[in-house]
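In case you want the letters, here they are:
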Amino acid sequence: MVHRITDSEVAYVGITVGAGTRDESPKLNGLAHYVEHCVFKGCRTAFGHDLTARQIINKIEGIGGEINAYTTKEETTFYAATPVEHYRQTLQLLADLVLRPTFPKRETDKELGVILDEIDSYEDSPSELIYDDFESLVFSGHPLAQPILGKRKTLKTVASTQTHPLAWVTNNFTPDRMVVFTQGRISFDAVSKQVEQIFSDCRVSEMPVNRKSPATYIPQSASFKRHTHQTHVMLGGRAYPLGHKKQLAMYLLNNILGGGSLNSRLNLSLREQKGLVYTVESQYVPLSDTGYWSIYFATEAENQAQCMELIKDELRKLREEKLSTLQLQRALTQLHGQMAISAENQENTVLAMGKQMLYYNEAPTWQETYRKVAQTTADTLQDVANDLLAENTVCTLIYE
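Moving on: the overall build of the protein. A tally of helices and strands in the protein yields 15 helices and twelve strands. Over its C-alpha trace the protein gives a radius of gyration of 22 Å, about what one expects of a compact globule, namely 21 Å for 400 residues. By principal-axis analysis of the C-alpha atoms, the protein measures approximately 65 × 45 × 35 Å. Residue pairs in contact within the protein that sit at least 24 positions apart in sequence constitute 81% of those at least 6 positions apart. Here the protein contributes 40 positive and 48 negative side-chain charges, whose respective centroids are spaced 3 Å apart.

Structure (structure tokens):
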């Protein structure tokens, strides 16, 4: 577990589980996300009482709290924000949901309809769907290529019986694969004692974690007819995993290239100077044993080739032209401010804390992380660019 003491009247409590989409069999794709939805439909308390979906919601919202969850390729996380005086009952409820879900069939059948609607909505949004299809391209043939939401056919198999979700919980929602994370005006000892009490009699999973790293990377290109009014494009490739010695350097390099700011190189080149796109952005996603980087933009069909050339030019500059001392300092100053502002969002901070603990067994503050980033040199950034951004290593996906 990990706990951070603050002066806030709001407490955050959560449980993150090291199991996600990549741990599903292809025939049950979407199971992790389905379970994330359906644990809220009913559970049994530690005292043997069954709670309905409405009772679960009322236990949190009735005290003014908020509860949520999400699934990724590698984790499933459940968390809540609550007035600090109610953190104990909130943590107990989260534990009941994760450890003792009942999956009442009548309720889960309704939730299946909600998930299928979510898939339809997602497929109607090319700017979102393209990220899934791009991951399928970069990790072709590997479980990481599976969509988090699953597919209609596999979801109907998942939901046909309680066996599949119950087996998933039994095999994966065990203390050896969990991190409990909390934050608020609470002592560490108080939280620690409650966590120990809740999980003391829980068994360890008998199913070993069986993750295989993706095979040798072979860049691919693909194009699909989506009949959208714009052409949507993604390009990128494999990148460093979590914990890699160059992970933070890549984090900084991505911020320079196209990470969320209007003065990123891609935004200045494609939007501000040429007016070719409304949005262009890059991202770097490190995973436990691999990772990927990507660039996304949407433009009119006649501008696609010019956009691609401008992007290739920006990638070439990062490979061939080392940042000056002033450019590097400006990039670090900007990142420092972004990290400081981001840290003001307590929800994001506590979720990051849980994930860090899961993978690193520590949860550094943003200041500690920044101090490591600040050690990055211009030579290292150029090395990273040449490692990852070479033209012959790039995958391309186009929605026409």
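We now examine unusual backbone geometry. With a phi angle near 50 degrees, Phe-103 is a residue other than glycine that sits in the positive phi range. Structurally, the position occupied by Phe-103 is in the loop between helix H3 (87-99) and helix H4 (105-123). Look at Phe-103 and you get buried, because its relative accessible area is 1%. Here Asn-361, not a glycine, exhibits a phi torsion of approximately 60 degrees, which is positive. Mapped onto the secondary structure, Asn-361 falls in the loop between helix H13 (346-360) and helix H14 (366-373).

Here the focus is the packing of helix H1 (residues 31-38) against helix H7 (residues 163-172). Where H1 meets H7, the axes come as close as 10 Å, and the angle between the chain directions of the two elements is 90 degrees. Judged on the interaxial angle alone, H7 and H1 are roughly perpendicular. Along its contact with H1, which presents Leu-31, Ala-32, Tyr-34 and Val-35, the element H7 presents His-164, Pro-165, Trp-168 and Val-169.

Either a parallel or an antiparallel arrangement is found when strands of a sheet pair, and the pairing is made through backbone hydrogen bonds. Judged by pairing direction, the sheet is mixed, and its five strands sit side by side in the order E8-E12-E9-E11-E10 without closing on themselves. Looking at which strands have only one partner, the edges of the open sheet turn out to be strand E8 (221-224) and strand E10 (280-286). Each strand axis lies, on average, 15 degrees off the axis of its neighbour in the sheet, ignoring direction. One ladder, built from four bridges, connects E8 with strand E12 (residues 395-399); its direction is parallel. The residue of E12 that forms the bridge with Ser-221 is Thr-396. Sheet contacts for helix H9 (residues 247-258): E10 and strand E11 (291-299); angle to E10, the most-contacted strand, approximately 170 degrees.

Turning our attention to empty space enclosed by the protein. The method is simple in principle: a probe with the dimensions of a water molecule rolls over the atoms, and the space it marks as empty is what remains. A full pass over the atoms with the stated rule returns one cavity of 30 Å³ or more. Of the pockets and cavities examined, the largest cavity occupies roughly 40 Å³. Every residue along the wall of the largest cavity is listed here: Met-250, Leu-253, Asn-254, Leu-257, Ser-282, Gln-283, Trp-293, Ser-294, Leu-318 and Leu-389. When residues of the lining of the largest cavity are traced back to their parent elements, those giving at least two are H9, E10 and E11. With four residues, H9 is the single largest residue contributor to the lining of the largest cavity. Per-class residue counts for the lining of the largest cavity are six nonpolar, four polar and no charged.

Together, Met-1, Ile-5 and Phe-188 give the surface a local cluster of nonpolar side chains, amounting to about 280 Å² of exposed area. Relative to the helices and strands, Phe-188 resides in helix H8 (residues 188-199). Overall, Phe-188 belongs to the partly exposed group, its relative accessible area being 40%.

So, on to the packing of helix H2 (residues 53-61) against H3. The interhelical angle for the contact between H2 and H3, taken along N-to-C directions, is 155 degrees, at an axis separation of 10 Å. In terms of orientation, H2 and H3 fall into the roughly antiparallel class. As for how H2 packs across H3, the hand of that crossing is left-handed. Here H2 contributes Ile-56, Lys-59 and Ile-60 to the contact with H3, which in turn contributes Gln-89, Thr-90, Leu-93 and Leu-97. Residue classes in the contact of H2 with H3 are distributed as four nonpolar, two polar and one charged.

Right, let's get into the nonpolar core. Ranked by size, the top nonpolar core spans 50 residues in total, and within it Phe-173 and Phe-199 carry the most contacts. Each residue touching Phe-173, except ones within four places of it in the same chain, is listed here: Val-17, Val-35, Phe-78, Val-98, Leu-99, Trp-168 and Met-178. Membership of the second largest hydrophobic core comes to 41 residues, among which are Leu-252, Ile-256, Ala-385 and Leu-388.

If you walk through the whole model with that rule in mind, you get seven aromatic pairs. Taking the centre distance of 6.0 Å and the plane angle of 75 degrees together, the rings of Phe-78 and Phe-173 count as edge-to-face. On the criterion of sequence distance, the pair formed by Phe-78 in strand E6 (residues 76-83) and Phe-173 in the loop between H7 and strand E7 (178-184) is long-range, its members being 95 residues apart. Classification of Phe-78 by relative accessible area gives buried; the value is 0%. Classification of Phe-173 by relative accessible area gives buried; the value is 3%. When the ring of Tyr-131 is compared with that of Tyr-296, the centres are 5.8 Å apart and the planes differ by 40 degrees; the resulting orientation is tilted. Highlighted residues: Tyr-131 in helix H5 (residues 126-138) and Tyr-296 in strand E11, separated in sequence by 165 residues. One exposure class covers both Tyr-131 and Tyr-296, and it is buried. Site record: aromatic cluster; members linked through ring pairs are Phe-40, Phe-78 and Phe-173. For Arg-226, the ring lying beneath its charged end belongs to Tyr-399, and the centroid distance is 4.7 Å.

Parameters at a glance
- Residues numbered from 1 in each chain as written.
- Predicted model: local features only at pLDDT ≥ 70, side-chain atom pairs only at ≥ 80, totals over all residues.
- Heavy atoms only, no water.
- Helix = DSSP H or I, 4+ residues; strand = E, 2+ residues; numbered from the N terminus.
- Rg over C-alpha atoms; globule rule 2.2 N^0.38 Å.
- Contact = heavy atoms within 4.5 Å.
- Lys, Arg positive; Asp, Glu negative; His and termini not counted.
- Charge placed at Lys NZ, Arg CZ, Asp CG, Glu CD.
- Buried < 20%, exposed > 50% of the residue type's maximum accessible area, 1.4 Å probe, protein only.
- Axes fitted to C-alpha atoms, helices over the stretch in contact; angles between N-to-C directions.
- Parallel < 35°, antiparallel > 145°, perpendicular 65-115°, else oblique.
- Pairing = 2+ DSSP bridges.
- 1 Å grid on protein atoms, 1.4 Å probe; cavity = no way out; pocket = protein on both sides within 12 Å on 5 of 7 lines; lining within 4 Å.
- Points joined across faces, edges and corners; volume = space filled by probe spheres on them.
- Nonpolar A, V, L, I, M, F, W, Y, C, P; charged D, E, K, R; others polar.
- Patch = residues over 30% accessible without salt bridge, like charges linked within 9 Å, V, L, I, M, F, W, Y side chains within 5 Å.
- Areas by Shrake-Rupley, 256 points an atom, 1.4 Å probe, with all protein chains shown as cover.
- Salt bridge = Lys/Arg side-chain N within 4 Å of Asp/Glu carboxyl O.
- Left-handed = near helix turned anticlockwise from the far one by under 90°.
- Core = buried A, V, L, I, M, F, W, Y, C linked by side-chain atoms within 4.5 Å.
- Phe/Tyr/Trp six-rings, centres within 6.5 Å; stacked < 30°, edge-to-face > 60°.
- Lys NZ or Arg CZ within 6 Å of the ring centre and 35° of its normal.

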